[in-house]
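Fold and geometry: a report
Residues per chain, in single letters:
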Amino acid sequence: MNHNTDVELGAAQLHRARELASQGQWGEAQPLCEAAARSAPDLPGVFEFLGDLQFRLELWEPAARSYLAAIARAPHNAVLFRKLGDLQRLCHDHEGAAESYRREAELAHAPLPAGGTDAAASYLELMKDCLTFLLWRASDGPLLELNARRPLVSFARMLRKIGLWRRTPPISVREFGMDWPAQALTMIGKKRLDNIQTCVERVLQDQIPGDLIEAGVWRGGATIFMRAILRAYGDAKRKVWVADSFRGLPRPDSDKYPVDRGYDLSMWRSLAVSAEEVRENFRRFDLLDHQVVFLEGWFADTLPVAPIDHLAVLRLDGDLYESTMDGLVHLYSKLSPGGFAIVDDYYSAPPCRQAVDDFRRANAIQEDIVRIDWSGAFWRKQ
Ligand SMILES: C[S@@+](CC[C@H](N)C(=O)[O-])C[C@H]1O[C@@H](n2cnc3c(N)ncnc32)[C@H](O)[C@@H]1O
């Protein structure tokens, strides 16, 4: 058998093992994962997952061997040292555990590897300032658009915005992503872009396998920034998936999703940005290439069939219960352990929060939710 066939076989075995494990069939998943590690020992995450399965099955020595094999392949991955430390502590190897936890802490605070230069850091700061229009002190102001279904209310709001606009909105509005900008390429603001940077840098540093995705991109700014981070760190393998209808939000289906009732943003033309316009926005920063993949259409249609193997960062920004739940149901199982789930509207859109809470409850997700700002939240998958 040639190398490529081995890798394909290993990937298929690992995929099946993950499926079995997600159904609680640890005993069946373990030998399959062992076979995957034999077929393709360099497959990202294979030894870590084998260790996780053996840990669950209380096969302590094999689990330790698997984590050590994983560490040999990814020596900067702090999560692996934590897992090894937990195992050693359970086996009363307190000295070994202390050493593993020390390595974990050291790596978690270590300076970033190659690519983390001053020039790269300055490039990323400049990107954030350009994408938010903060470089120009947010002087583009908020979008002005009449809502066709509620013209009077909308007109009154527009007048208020013009007042704000004349005075040029305070910088903090854009730092915290509190307006729909007239020209800036993202509405999520600087703090949530900082959070994307932290998460992507952490998965690069820890060598967590997988691509990056945002479901709900509008003008594309957050995904352009994801691609810029990969460029800054010289990562030529991971993809950035850009998922959107590119024609705005769906009308709420309140029979199927009652909590979406009253959250109808489908009539806002300014939320419908075409795929060609988003591609052009990538081009403006010289960031449109084979590592950027567009998924055009409603999440319910595109996400279940998207050819994504693993994700390291899953960012959801679809506002509605339906859109958030579609993202979680179809993508969360692809998020690697050590990867990040980011939800843009957790604190600002009740339907979105409800979807996250329902999904976490149904899937017994225990990881703590961390607040980013008045709107966004994230957690790191264990
Ligand atoms: C608030 S905007 C995203 C803002 C963006 N993340 C940024 O950086 O500025 C919401 C986007 O989600 C998309 N969207 C919402 N629900 C969707 C669905 N079910 N399927 C496809 N696209 C959806 C809309 O088209 C819109 O572009």
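Residues numbered from 1 in each chain as written. Predicted model: local features only at pLDDT ≥ 70, side-chain atom pairs only at ≥ 80, totals over all residues. Heavy atoms only, no water.

What follows concerns the site of the ligand. The immediate surroundings of the ligand are formed by 21 residues, with T186, M187, D244, D317 and S323 found nearest. D244 places a side-chain nitrogen or oxygen 2.6 Å from an oxygen atom of the ligand. A distance of 3.0 Å separates a nitrogen atom of the ligand from a polar backbone atom of F299. The class makeup of the residues in the shell around the ligand is 10 nonpolar, 7 polar and 4 charged. (Near = heavy atom within 4 Å. Polar contact = N/O pair within 3.5 Å; in protein donor to acceptor, adjacent residues only side chain to side chain. Nonpolar A, V, L, I, M, F, W, Y, C, P; charged D, E, K, R; others polar.)

With that settled, consider the pattern of salt bridges. Applying the stated criterion across every chain, the model contains 33 salt bridges. When the shortest N-O distance is used, the salt bridge between R174 and D140 registers 2.9 Å. Of this pair, R174 sits in helix α9 (residues 171-175) while D140 sits in the loop between α7 (118-132) and α8 (151-166), and the two are 34 residues apart along the sequence. Note on R174: relative accessible area 2%, which makes it buried. (Salt bridge = Lys/Arg side-chain N within 4 Å of Asp/Glu carboxyl O. Helix = DSSP H or I, 4+ residues; strand = E, 2+ residues; numbered from the N terminus. Buried < 20%, exposed > 50% of the residue type's maximum accessible area, 1.4 Å probe, protein only.)

Before going further, it helps to spend a moment on the packing of α7 against helix α11 (residues 221-232). Look at α7 against α11: their axes get within 10 Å of each other, and the N-to-C directions meet at 170°. With respect to α11, the axis of α7 lies roughly antiparallel. Taking contact as the criterion, the partners of A120, Y123, L124, M127, K128 and L131 in α7 are, on α11, G221, I224, F225, A228, I229, R231 and A232. Per-class residue counts for the contact of α7 with α11 are 10 nonpolar, 1 polar and 2 charged. (Axes fitted to C-alpha atoms, helices over the stretch in contact; angles between N-to-C directions. Parallel < 35°, antiparallel > 145°, perpendicular 65-115°, else oblique. Contact = heavy atoms within 4.5 Å.)

Under the definition given, this model contains 10 aromatic pairs. Ring centres of Y332 and W379 lie 5.9 Å apart, and the angle between their planes is 45°; this geometry places the pair in the tilted category. Of this pair, Y332 sits in the loop between α14 (321-331) and β5 (335-343) while W379 sits in strand β7 (residues 377-380); the two residues are 47 residues apart in sequence, bridging distant segments of the chain. Comparing Y332 with W379 shows no difference in burial state: the two are buried. Ring centres 6.0 Å apart and planes at 55° place the aromatic pair F340 and F378 in the tilted group. Within this pair, whereas F340 is found in strand β5, its partner F378 is found in strand β7, the two being separated by 38 residues in sequence. The two residues F340 and F378 agree in class, both being buried. (Phe/Tyr/Trp six-rings, centres within 6.5 Å; stacked < 30°, edge-to-face > 60°.)

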